[in-house]
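One-letter residues, chain by chain:
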Amino acid sequence: MTDAQQGPGRTGTGATSAVQSVDRAVSVLEILARLGEAGVTEIAGELGVHKSTAFRLLGVLENRGLVAQAKDRGKYYLGAGVLRLAGAAAVRLDISQEGVPVCRELADELGETVNLAVPDDDAAVNIMQARGTAAVTAQDWLGRRTPLHATAGGKVFLAHMAPALREGHLSRPLRRFTEHTITRASALRGELEAVADRGFAATLEELELGLAAVAAPVRSHDGAVIAALSVSGPVYRMKADRLPALGSRTATAAAELSRRMGYGF
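These numbers come from a predicted model, not from an experiment.

Student: Whenever I open this one, the pattern of salt bridges confuses me. Can you help?
Tutor: Note that side chains of opposite charge can pair when their charged atoms are close. Applying the stated criterion to the full structure yields 15 salt bridges. Between Glu-46 and Arg-34 there is a salt bridge whose closest N-O contact spans 3.0 Å. With a gap of 12 residues between them, Glu-46 in helix α2 (residues 40–47) and Arg-34 in helix α1 (residues 13–35) connect regions that are remote in the sequence. With a closest N to O distance of 3.0 Å, Arg-104 and Asp-108 form a salt bridge. Here Arg-104 pairs with Asp-108, and both are found in helix α4 (residues 80–110), just 4 residues apart, close to one helical turn. By relative accessible area, which is 34% here, Arg-104 ends up partly exposed. One network of salt bridges, in which partners are shared, links Glu-98, Glu-256, Arg-259 and Arg-260.

Here it is as structure tokens:
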């Protein structure tokens, strides 16, 4: 009996089918990773499905660049899209490892909280944190997603983003977190130009009252900005007149981490 024949009373069929398709697609990738290359018949046999089902799965994966076909042999193998995904995961793993000594040294020197964040669509995600001696009561930012327009690290990402993508972010309503949050796109554009020029970003009570921060870009071997190194603390210690010096020192540390990631060689 087909799904249509079973009538409208049947629920969850579409969701179950979708999950099964995803599971089979992942299985195809695992098969090709194990075998190196395989034809439709072989893949269908491994999956226990009809050849037409295997062919459809391979077609979807091929369209997304996750598999490719050797036309002369009719065999499929893992495509460049898998390398792209693996590379993105490797960057996060590598920067987490390489960032430990840099973050620790900066936190020890400045006594404040040091965070390493990576971009995640419309937010920044903190993947590492080191606390200095003066930051014993600092918030735990690890794993937290923070808005781009109201944080120092987020401003770093916006400042170095492709113009079209940046304008897409600025065209959306900018949420006000405090009276100091920049919510006008025109004002934020000017701020981002300054960030790109001086090499670091700064915020003063823009996300939370009483909190200040500076951040600088971390680059990969090809020069792309892949992370932001930031220092944050209470405004009574990180006063406005101290932010330029803190920003400059953070930029030096970010440059060291960039060097560890292969930038400049």
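Continuing now.
Student: Looking at this model, I keep getting lost on unusual backbone geometry. Mind explaining?
Tutor: With the exception of glycine, most residues fall at negative phi, and the peptide bonds are largely trans. One non-glycine residue, Asp-121, adopts positive backbone phi at about 60°. Relative to the assigned elements, Asp-121 resides in the loop between β3 (113–120) and β4 (123–130). The phi torsion at Glu-205 lies on the positive side, around 60°, for a residue other than glycine. With respect to the element layout, Glu-205 can be found in the loop between β6 (201–204) and β7 (211–219).

Student: Help me out: how do you make sense of the packing of helix α6 (residues 163–170) against helix α7 (residues 185–198) in this one?
Tutor: A packed helix pair is summarised by two numbers, namely the angle formed by the two axes and the spacing between the axes. It is at 10 Å that the axes of α6 and α7 come closest, and there the two elements cross at 140°. Classified by the angle between their axes, α6 and α7 sit oblique to one another. Viewed along their axes, α6 and α7 form a crossing whose handedness is right-handed. Facing Arg-166, Glu-167 and Leu-170 of α6, the residues of α7 in contact are Ala-185, Leu-188, Arg-189 and Leu-192. Each residue belonging to the contact of α6 with α7 can be placed in one class, and the counts come to 4 nonpolar, no polar and 3 charged.

Student: Got a minute to help me understand the side chain of Glu-206 in this structure?
Tutor: Within the secondary structure, Glu-206 is located in the loop between β6 and β7. For Glu-206, a relative accessible area of 8% puts it in the buried group. Separated by 2.9 Å, the side chains of Glu-206 and Lys-155 make a polar contact. If near-sequence neighbours (up to four positions away) are discounted, Glu-206 is found in contact with His-149, Ala-150, Lys-155, Phe-177, Thr-178, His-180, Thr-181 and Ile-182.

Student: Explanation requested: α6 in the structure shown.
Tutor: Side chains of residues three or four places apart in an α-helix project in the same direction, reflecting 3.6 residues per turn. Of the positions making up α6, those classed as buried are Arg-166, His-169 and Leu-170. Relative to the axis of α6, the buried residues are bounded by an arc of 95° and lie together on one face. Structural note: α6 exposes Ala-164 and Leu-165 on the side pointing more than 90 degrees away from its buried face. If you follow the buried residues of α6, they end up packed against α5 (152–159) and α7.

Student: Before we go on, may I ask you to explain the sheet that holds β3 in this structure?
Tutor: What links the strands of a sheet is backbone hydrogen bonding, and the strands pair in either a parallel or an antiparallel sense. Spatial ordering of the open sheet is given by β5-β4-β3-β8-β7-β6, a layout of 6 strands whose pairing is antiparallel. Among the strands making up the open sheet, the edge pair consists of β5 (145–147) and β6. Pairs of neighbouring strands in the sheet enclose a mean axial angle of 30°, with direction left out of account.

Student: Whenever I open this one, the nonpolar core confuses me. Can you help?
Tutor: Considering soluble globular proteins, one finds that nonpolar side chains tend to be buried as a cluster. If you look at the biggest cluster of nonpolar residues, it comprises 29 residues, and the most contacted ones within it are Ile-95, Leu-116, Val-218 and Leu-229. Core analysis: the next-biggest nonpolar cluster, separate from the first, contains 21 residues, Ala-124, Val-156, Ala-185 and Leu-192 among them.

Student: Please explain α2 as it appears in this structure.
Tutor: Residues Val-40, Ile-43 and Ala-44 constitute the buried set of α2. Projected down its long axis, α2 shows its buried positions confined to an angular sector of 100°, all on one face. Those residues of α2 that are exposed and angled more than 90 degrees off the buried face are Thr-41 and Gly-45. In the stretch just after α2, Gly-48 is the one whose phi turns positive, near 75°.

Student: Sorry if this is basic, but what is going on with the packing of aromatic side chains here?
Tutor: Two measures describe an aromatic ring pair: the distance that separates the ring centres and the angle between the ring planes. The final tally for this structure, using the stated rule, is 0 aromatic pairs. A cation over an aromatic ring shows up here: Arg-198 above the ring of Phe-200, its NZ or CZ 5.0 Å from the ring centre.

Parameters at a glance
- Residues numbered from 1 in each chain as written.
- Predicted model: local features only at pLDDT ≥ 70, side-chain atom pairs only at ≥ 80, totals over all residues.
- Heavy atoms only, no water.
- Salt bridge = Lys/Arg side-chain N within 4 Å of Asp/Glu carboxyl O.
- Helix = DSSP H or I, 4+ residues; strand = E, 2+ residues; numbered from the N terminus.
- Buried < 20%, exposed > 50% of the residue type's maximum accessible area, 1.4 Å probe, protein only.
- Axes fitted to C-alpha atoms, helices over the stretch in contact; angles between N-to-C directions.
- Parallel < 35°, antiparallel > 145°, perpendicular 65-115°, else oblique.
- Left-handed = near helix turned anticlockwise from the far one by under 90°.
- Contact = heavy atoms within 4.5 Å.
- Nonpolar A, V, L, I, M, F, W, Y, C, P; charged D, E, K, R; others polar.
- Polar contact = N/O pair within 3.5 Å; in protein donor to acceptor, adjacent residues only side chain to side chain.
- Arc of directions from axis to C-beta.
- Pairing = 2+ DSSP bridges.
- Core = buried A, V, L, I, M, F, W, Y, C linked by side-chain atoms within 4.5 Å.
- Phe/Tyr/Trp six-rings, centres within 6.5 Å; stacked < 30°, edge-to-face > 60°.
- Lys NZ or Arg CZ within 6 Å of the ring centre and 35° of its normal.

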